[in-house]
Amino acid sequence: MFLRKTQRKKDGKTHDYWSVVENKRVAGGRVVQRHVLYLGEINSSQAAAWRHAIEVLDDDAGHARTLALFPEDRCTAIESETSVVRLRLSDMRLCRPRQWGACWLAGQLWRELQLDDFWADRLPTSRKGTRWDQVLQVLVSYRLIAPGSEWKLHRDWFGKSAMADLLGADFGLAEAHKLYACHDFLLRHKDALFSHLVARWRDLFNANFDVLLYDLTSTYFEINASDVPEGDKRRHGYSRDKRPDCPQVVIALVVTPDGLPLAYEVLPGNTADCKTLRMFLDKIEQQYGRARRVWVMDRGIPTEAVLAEMRASDPPVQYLVGTPKGRLSRLEKQLLALPWQQARAGVSVKLLAEDGELYVFAESVDRVTKERAMRRRQLKWLWKRLRQLAAMEIPREEMLMKLGAARARAPTAWRLVDIEMDKESSMFIYSLNRQKLRLIRRREGRYLLRTNLTENDPALLWQYYTLLVAVEEAFKNLKGDLAIRPIFHQHQSRVEAHIFIAFLAYCLQVTLQRRLHALAPGLTARSTLEKFAAVQMIDVRLPTTDGRELLLTRYTQPEPELRLLIQQLKLDLPPQPPPRIATGPVHSNLL
């Protein structure tokens, strides 16, 4: 290791910034550098102290031999035997603990989806010996286990993980420029990956693709819109993250009812929901052929023109769509005259056939209870807050601001209250609009669905629509567990490649979740990764009496709880790595 100084000019003054950098020897005898610590601006005495503390170690690997090992105070009678190695047990050292279990599990999922073979064919080794498929595996495993920036992967995470040991590689996989350059090779293989995943979902889980769930989300960038080049997909639009001030991209995703992803697309941030469906219908048809599929979507995604095309196609594309509240108001009189039918326990429906479509007006007892409790809680808070504000003697402008804040906190309850404010002072009167309250009580827990599946059981239609939670769960995992943002990349192609890597990590995660659903349903994918992360790899260093050193690289034995989980998942732990001995310190793969 050594100190590196970087000079930057700021406001006409030169600043010296220091970092601790480490040389790493990789395949082919090359030496690459890894940033260990960023020290910032330090004075000359501090720099001298850091230099004094830094040591450089040279690797000295030996060749394979069969040796007999004894403690140093034993076997004095056979000292002349060259195959006998006497160990100085009192000087034994345990070095470089690193995370092994979750990395190994990620590798098992990678191979289970046969992504090793898929990417080995499409990301061949470079002329300089770079295994791009392994670099990608490191990126995806990192996104699955401890998501962060590529810089943090290079500077911190890779050295604290056992990825080098598991892949039989070295720190060359975590060179910063390789981590970024790998992004440039991925997007061209996106369609091939989608086809590969369909085959794997069918083989692994007997997946059915008759019902497809379609939805959209967005992810934003905390940058100035003026810094985004013309034609870039990062644009202002309707933000599902409540950040309309930031440019964003829209992500459209198709999954099965089990949450298995089939395809996704990154769209400009100002794309309207209703303009995305036609593109995806064509994409799925071109990739997987025509079939009688049921598309389940939320309201606002399809337009009347697209629904008409779906009905007129051969064979017809079947759909089940949530319906805007305006249509419910138009059909309410007709629906009131119809009798309720019991679809299943706690769910009642009314069926209305009109213009070749079937409207399903559903009421869920559980949803009535939930929405009613939310509305009551908001209304109780708002009523108390209005009483407090009415008693205040403050300027009119300040009162208007406080009323606006109350409206933003309780928007549903605000619509049920009539407020009349004096034109000159801050005084106001408020009252409950009982007519609006009766209307909203009548609609709580009820929703209108629209479909061209006119011959299907209404209970099945209701069940289809509730499956939309699967695609919402996928978005939740992408934004939460896999931390798709913040996205630090500047170029659009690398932004899309970043999302592609997050999609691959989600594929590993959902594969693990499906395994757990069948074998250990009480566990989530995240909790399982955390349990596996408890298994560490450590270097046991044993010096010998003749000046050599024995290196035993070992992963710790799983606790009984984890051994049971490994058994339930039908996994087999690999054998421990073989020992190594050399003159002087023996260095592991990472160094």
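Residues numbered from 1 in each chain as written. Predicted model: local features only at pLDDT ≥ 70, side-chain atom pairs only at ≥ 80, totals over all residues. Heavy atoms only, no water.

A.B. asks: An account of the overall build of the protein is needed here, citing residue identities and associated values.
C.D. replies: Along the backbone of the protein there are 20 helices and 20 strands. Against the globule reference of 25 Å for 591 residues, the protein gives a C-alpha radius of gyration of 31 Å, more extended than a compact globule. Principal axes of the C-alpha set define a box for the protein whose edges measure 105 × 60 × 50 Å. When contacts within the protein are restricted to residue pairs at least 6 apart in sequence, those whose partners lie at least 24 apart make up 65%. A total of about 30600 Å² of accessible surface is found on the protein, and carbon and sulfur atoms cover 50% of it. In the protein, 90 side chains carry a positive charge and 71 a negative one; their mean positions are 4 Å apart. (Helix = DSSP H or I, 4+ residues; strand = E, 2+ residues; numbered from the N terminus. Rg over C-alpha atoms; globule rule 2.2 N^0.38 Å. Contact = heavy atoms within 4.5 Å. Areas by Shrake-Rupley, 256 points an atom, 1.4 Å probe, with all protein chains shown as cover. Lys, Arg positive; Asp, Glu negative; His and termini not counted. Charge placed at Lys NZ, Arg CZ, Asp CG, Glu CD.)

A.B. asks: Can you explain the packing of helix α2 (residues 101-112) against helix α4 (residues 132-145)? Please cite residues and give values.
C.D. replies: Two quantities define a packed helix pair, namely the angle between the axes and the distance from one axis to the other. Packing of α2 against α4 leaves a shortest axis separation of 10 Å and a crossing angle of 120 degrees. Comparing their axes, α4 and α2 come out oblique. Taken as a pair, α2 and α4 cross one another with a handedness that is right-handed. Residues A102, C103, A106, G107, L109 and W110 of α2 form the contact with α4, whose participating residues are D133, L136, Q137, V140, S141, L144 and I145. When the residues that make up the contact of α2 with α4 are grouped by side-chain class, the tally is nine nonpolar, three polar and one charged. (Axes fitted to C-alpha atoms, helices over the stretch in contact; angles between N-to-C directions. Parallel < 35°, antiparallel > 145°, perpendicular 65-115°, else oblique. Left-handed = near helix turned anticlockwise from the far one by under 90°. Nonpolar A, V, L, I, M, F, W, Y, C, P; charged D, E, K, R; others polar.)

A.B. asks: Outline the nonpolar core, listing residues and values.
C.D. replies: Membership of the largest hydrophobic core comes to 131 residues, with the highest contact counts inside it found for W119, L136, W201, Y214, W295 and M310. With 14 residues, helix α18 (residues 492-519) is the single largest residue contributor to this core. If we ignore the near neighbours within four places in the chain, the residues touching W119 are W110, D133, L136, L186, H189, F500 and L504. Core analysis: the next-biggest nonpolar cluster, separate from the first, contains 13 residues, L379, L389, L403 and A406 among them. (Core = buried A, V, L, I, M, F, W, Y, C linked by side-chain atoms within 4.5 Å. Buried < 20%, exposed > 50% of the residue type's maximum accessible area, 1.4 Å probe, protein only.)

A.B. asks: Hey, could you go over the pairing of strand β18 (residues 536-543) for me, with residue numbers and the actual values?
C.D. replies: Most of β18 sits inside the fold, with six of its eight residues counted as buried. One ladder, built from five bridges, connects strand β6 (residues 93-99) with β18; its direction is antiparallel. Paired with R98 across the bridge in β18 is M537. Taken together, the seven bridges between β18 and strand β19 (residues 548-555) define a ladder with antiparallel strand orientation. Following the sheet pairing, L542 is matched in β19 by L550. The turn joining β18 and β19, which pair antiparallel and follow one another in sequence, is formed by four residues; a positive phi near 90 degrees is taken by G547. (Pairing = 2+ DSSP bridges.)

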